[in-house]
Amino acid sequence: MTIAFVRSASSDMLAAKLIIFGLLVVATASSNHEIKQRKQQDLDWWKSSTIYQIYPRSFKDSNSDGIGDLNGITDKLEHIRNIGADALWLSPIYSSPQKDFGYDISNFTDIHEEYGTLADFDKLVKKAKSLELKVLLDFVPNHSSDEHEWFKKSIERIKPYNDYYIWRDGKKDASGKMHPPNNWLSRFGRSAWEWNNKRKQYYYHAFVPGQPDLNYRNAQLREEMKNVLNFWMKRGVDGFRIDAINFMFESEDLKDEPKSGKNVPANDWEYLSHIYTLDLNETYGVVESWQKLIEDYVRNYQTDGKFLIMEAYTTQENVMKYYTVGANPFNFMFISDLNVNSTAVDFKRVINNWINAVPKGKVLNWVTGNHDNHRVASRFGKDNNRADQISMLASMLPGIMVVYNGDEIGMVDRFFTYEETIDPAGCSAGPERYQLASRDPERTPFQWDDSISAGFSNSQKTWLPVHDNYKTLNLAKQEKDNVSHYKVFQALMKLKKTETLQKGKVELIVTPGGHVLVVVRRPIDGKGNPIVLLINFEDREVNLDISISANIPPMMKVYTASVESGYKLGTVLNTRNLKLPRAASVILE
């Protein structure tokens, strides 16, 4: 039997409505999927980003007191956007007596008065967001200032603060004289133990005496520090650089540390091997709890992704453990493992070793400089050509790039006499060794232009002297020049945002003779042309054929090149017969 369906006008209308509804459902689902994808991409904003470190005291002074401040940073945020960075990281801005220029914190949830107020900070964050810049803070968990309320109450043995710091009885000798509990040394020289006459005990300080170490074996202290992270995330902070993370725990049995065998004075930190005060396993558990905290925050508040990155000058094995608990450790190879005398072979070996060591699925990062080490142009720049070398290399490698303010214009260290030195690390080292320890040379004010105090301040007197070369080395001049470190850096940041550099394959090659390092980035799908970086490590011109060994096109054009290479942008070069100028770096596309 055949059954016939007879359709009325009303059924046609119903069918049409059902079709429209179905299309709306599909469109909504598609839209939700796109939103979810965009959200996920935003959660991962840091995976191929450039993070620009600002040393607030030296960036821009807005009130003519010779000290950089938050309003000065806010006024100059367009510069960070213009160079193409994605995030700014602020060195400590918290309340502090400034015994270690901000790393001695008297209140973890307030702003140091010389830098401004919480309202100034909120204004900075708001403007940064409008410019699509992320904001990271320096989180200093190892210690507080001795002027912190916690420490004052700990001296008085007021609970729960009595156990927030590491207090120990001293040892009396035969004559009854009191001595520290053991031979542990501070990072800045001298004993790591300081006697407190009121509590009648010693407290431990890994750094200066005004920075007593916090006791992370105390659960309430750990909660206090989580509250600090939450406080700043609620104010819009996108992540944290964690300071001196591997100093956070010490052995409870107080054994003396063995001598290192290094030829340094007995009160120098390197005189001992720090097997009981560095890299203890308990550290990784605390880091894991912080990583979970920020992930829970993102999920609960449906906010953008948050990011933790750790400072730990330690072995590669210890560094990799931070990846296993979900965090990211800084890669200091350009500071610790390579120098101006390193060869192309050295660079290839060290870079490949790091790439191969990082666990699969984790994100690489490359630190070119920071406030604790000589500027990259001074470490590598025997001449202007090499001043661009490390920035060019870091930008071409996959993952995160971390740069220090001023390196984008090739700023160099300023020489300081011992009498001029104010960094506690340099002062404590003494007049014979201060240059080995002082961090003043790399912390001088940013050179904005050739006006008074390099445009950093309207005051002639600044907290550190401006470098004498500011008349010829400054941002304003480099913005106008056709060829400059600034223009090179801008080009690098544009290139870094391409899909090939964000997701493409990487290959390192050393040319025959070992003079030139070649970095090749290829599209992830294997289709399309590569982007190629060449670095000549010789102080003479090198002739080479790289088309076959690097499997690249015979003809490529100059995308950007180090400032004194002599290359003009857009020049087409024959990769089968290439003349690479002395100490030059060039990127070809």
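Structure: above.
Before going into details, it helps to say that this report is about the structure given with it.

What counts as what
Residues numbered from 1 in each chain as written. Predicted model: local features only at pLDDT ≥ 70, side-chain atom pairs only at ≥ 80, totals over all residues. Heavy atoms only, no water. Helix = DSSP H or I, 4+ residues; strand = E, 2+ residues; numbered from the N terminus. Buried < 20%, exposed > 50% of the residue type's maximum accessible area, 1.4 Å probe, protein only. Contact = heavy atoms within 4.5 Å. Core = buried A, V, L, I, M, F, W, Y, C linked by side-chain atoms within 4.5 Å. Pairing = 2+ DSSP bridges. Axes fitted to C-alpha atoms, helices over the stretch in contact; angles between N-to-C directions. Phe/Tyr/Trp six-rings, centres within 6.5 Å; stacked < 30°, edge-to-face > 60°.

**Some details on the environment of Q316**
And step 1. The topology assignment puts Q316 in helix α8 (residues 316-324).
And step 2. By relative accessible area, Q316 is classed as partly exposed at 28%.
And step 3. For the pair Q316 and K259, spaced 57 residues apart in sequence, the C-alpha separation works out to 22 Å.
And step 4. Leave out the neighbours within four places in its chain, and Q316 touches N353, W354 and A357.

**Observations regarding the nonpolar core**
And step 1. Among the nonpolar cores identified, the biggest contains 121 residues, and L88 and F334 are the most heavily contacted of them.
And step 2. For L88, the residues in contact, after removing those within four places along its chain, are Y52, I54, I73, L77, I80, L124, A128, L133, K134, V135 and L136.
And step 3. One finds V518, V520, I546 and L588 within the second-largest nonpolar core, a separate group that totals 20 residues.

**Structural notes on the sheet that holds strand β23 (residues 585-588)**
And step 1. The strand order across the open sheet formed by six strands is β16-β17-β18-β23-β20-β21, and the pairing between neighbours is antiparallel. At either end of the open sheet lies a strand with only one pairing partner, and these are β16 (505-510) and β21 (572-574). The average angle at which neighbouring strand axes cross in this sheet is 30°, direction not considered.
And step 2. Across six bridges, the pairing between β16 and strand β17 (residues 516-522) is antiparallel. Bridge pairing in β17 links V510 to L517.
And step 3. Lying on the sheet, helix α13 (residues 389-396) is in contact with β17, β18 (531-536), β20 (555-561) and β23; it crosses β18 at an angle near 150°.
And step 4. Against the sheet, helix α17 (residues 485-496) contacts β18, β20 and β23, and its axis sits at roughly 120° relative to β20.

**Some remarks on the packing of aromatic side chains**
Think of a pair of aromatic rings as described by two things: how far the centres are apart, and how the planes are tilted against each other in angle.
And step 1. Taken as a whole, this structure holds 39 aromatic pairs when the rule is applied.
And step 2. When the ring of W45 is compared with that of F307, the centres are 6.1 Å apart and the planes differ by 75°; the resulting orientation is edge-to-face. Pair noted here: W45 is in the loop between α1 (9-43) and β1 (50-54) and F307 is in strand β12 (residues 307-310), with a separation of 262 residues, a long-range link. Here W45 matches F307 in class, with each residue buried.
And step 3. Three or more aromatic residues link up through ring pairs in this structure, and these residues are F139, Y216, F240, F249 and W290.

**Comments concerning the sheet that holds strand β2 (residues 87-90)**
And step 1. Here eight strands make up an open sheet; going across it, the order is β13-β12-β11-β5-β2-β1-β15-β14 and the pairing parallel. Each edge of the sheet is formed by a strand with only one pairing partner; in this case those strands are β13 (328-329) and β14 (365-367).
And step 2. Examined bridge by bridge, strand β5 (residues 134-139) and strand β11 (residues 239-242) share four bridges and lie parallel to one another. Residue pairing across strands places L136 opposite G239, the latter belonging to β11.

Geometry only, nothing functional implied.
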